[in-house]
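In case you want the letters, here they are:
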Amino acid sequence: AVDYSACAGSDMGQSYRTVDGTTIACVCDITADDIDRQMALVYLDTWFSILSQTSLDAQGMLQRLNADMIRRTAECYASVALARYSKREARVEIAGTGSASAFFFSHDTMSVKSFSFGAAAGIKKDIETEMTTFAVRPGDIVCLCTDGLTETKKGNGDLFGADAVGEIVRRNYFLSAKELSAKILRTVAETA
């Protein structure tokens with residue numbers, strides 16, 4: 001989900017597998033000068049490739065990323081929603097920075113918990129990152145997105161909003177991941 005050849009976007013989505021079978025999924029929205037934006041996407045992809053091979057939890061990964069971004073000379077910020085899923089432990093960790101969002105749908109309760117985050121990585125030395133851990137069961141869903149979805153303006157001028165994305169997930173929990181993502185994108189596009 002990273003198209004470096006487009007040379008226009010500032011968002012990326014990617015997943016990484018660790019040696020123990022854990023899956024790391026993240027979405028990132030880069031704020032940087034046009035010249036630095038493509039380099040920042042490569043930089044983030046590289047960092048998450050490396051961090052996914054460590055024993056760090058989701059919060060620790062974002063803290064390491066922030067510490068490195070602070071040392072960079074170019075002004076660059078990253079809004080990140082990160083999920084670290086361990087099938088063996090049947091749990092998922094969710095953490096983030098900036099304007100990215102995350103959603104956790106529990107099939108047992110048929111409810112969606114949404115997450116918004118504080119400062120973007122790279123803004124200040126000691127950003128507060130919170131991590132939430134959930135026991136997961138078959139049918140549970142984790143959805144990550146950037147503000148490209150939640151802050152899309154509807155025809156009436158209102159923002160689409162995180163609650164609306166969460167509601168799409170809740171109402172369409174029976175769809176496959178590919179069908180659910182297409183449904184979210186289609187619904188946002190139809191109201192924009």
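Higher on the page you've got the structure.
Residues numbered from 1 in each chain as written. Predicted model: local features only at pLDDT ≥ 70, side-chain atom pairs only at ≥ 80, totals over all residues. Heavy atoms only, no water.

Let us now look at the packing of aromatic side chains. Following the criterion strictly, the structure yields 5 aromatic pairs and no others. On the numbers, 5.5 Å between centres and 15 degrees between planes, the contact of phenylalanine 105 with tyrosine 173 is stacked. Separated by 68 residues along the polypeptide, phenylalanine 105 in strand β5 (residues 101-106) and tyrosine 173 in the loop between α4 (162-171) and α5 (177-191) bring together distant segments of the chain. Tyrosine 173 sits in the partly exposed class, given a relative accessible area of 31%. (Phe/Tyr/Trp six-rings, centres within 6.5 Å; stacked < 30°, edge-to-face > 60°. Helix = DSSP H or I, 4+ residues; strand = E, 2+ residues; numbered from the N terminus. Buried < 20%, exposed > 50% of the residue type's maximum accessible area, 1.4 Å probe, protein only.)

Another point: the pairing of strand β1 (residues 11-17). Across 7 bridges, the pairing between β1 and strand β2 (residues 23-32) is antiparallel. Considered in β2, the bridge of arginine 17 is made with threonine 23. Here β1 folds back onto β2 in antiparallel fashion, the turn holding 5 residues, of which glycine 21 has a positive phi close to 90 degrees. (Pairing = 2+ DSSP bridges.)

Pairing is antiparallel in the open sheet, where 3 strands are placed in the order β6-β5-β8. In the strand order of this sheet, the two ends are held by β6 (111-116) and β8 (141-145), each with one partner. Each strand of the sheet is rotated relative to its neighbour by a mean of 15 degrees, with strand direction disregarded. Here β5 pairs with β6 via 6 bridges, running antiparallel. If you follow phenylalanine 104 over to β6, its bridge partner there is lysine 113. Of the strands in this sheet, β5, β6 and β8 touch α4, which is tilted by about 30 degrees from β5. (Axes fitted to C-alpha atoms, helices over the stretch in contact; angles between N-to-C directions. Contact = heavy atoms within 4.5 Å.)

Time to look at the sheet that holds strand β7 (residues 131-135). Spatially, β1-β2-β3-β4-β7 is the arrangement adopted by the 5 strands of the open sheet, whose pairing is antiparallel. Strands with a single pairing partner mark the edges of an open sheet, and in this sheet they are β1 and β7. Averaged over all pairs of adjacent strands, the angle between strand axes in this sheet comes to 15 degrees, irrespective of strand direction. Where helix α1 (residues 34-51) meets the sheet, its contacts fall on β1, β2 and β3 (76-86), and the angle it forms with β2 comes to roughly 160 degrees. Lying on the sheet, helix α2 (residues 58-71) is in contact with β2, β3, β4 (91-97) and β7; it crosses β3 at an angle near 160 degrees.

Geometric values such as these leave the question of function open.
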